[in-house]
Amino acid sequence: MPTYQYQCSACEHAFEAFQSFSDEPLTSCPECKGEVKKVYSAVGVVFKGSGFYKTDSAPKPATPSKSE
Ligand SMILES: [Zn+2]
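Because the structure is a prediction, the values reported are computed rather than measured. (Residues numbered from 1 in each chain as written. Predicted model: local features only at pLDDT ≥ 70, side-chain atom pairs only at ≥ 80, totals over all residues. Heavy atoms only, no water.)

Draft legend 1. Quick peek at the coordination of the zinc ion. Here the zinc ion is held by Cys8 (SG), Cys11 (SG), Cys29 (SG) and Cys32 (SG), and the distances to it run 2.2 to 2.4 Å. One can describe the site at the zinc ion as tetrahedral: its four donor atoms subtend angles covering 103 to 114° at the metal. Sequence spacing of the donor residues for the zinc ion, all on one chain, is C-x2-C-x17-C-x2-C. With Cys11 in the loop between strand 1 (3-8) and strand 2 (14-18) and Cys29 in the loop between strand 2 and strand 3 (36-39), the pair connects residues that are 18 residues apart, well separated along the chain. Take Cys11: its relative accessible area is 39%, and that puts it in the partly exposed class. Classification of Cys29 by relative accessible area gives buried; the value is 0%. (Donors = N, O, S within 2.8 Å, 3.2 Å for Na, K, Ca; no water. Tetrahedral: all angles 85-135°; square planar, octahedral: opposite > 155°, others 65-115°. Helix = DSSP H or I, 4+ residues; strand = E, 2+ residues; numbered from the N terminus. Buried < 20%, exposed > 50% of the residue type's maximum accessible area, 1.4 Å probe, protein only.)

Spelled out as structure tokens, the structure:
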């Protein structure tokens, strides 16, 4: 059973919902009945793009061969 993460756009209440693929996505916040949006995030990665997203994309300096 996949777990979906939702966040309310009105009160920013975040919650998880266990739903099957055939279930209708939730649309209302359980707290304030506001509009919720589905949050797509990989397991273990919560804060994207807030300083934790560091990759190895930095170019490596060209190291001269020392095999002489
Ligand atoms: Zn809400």
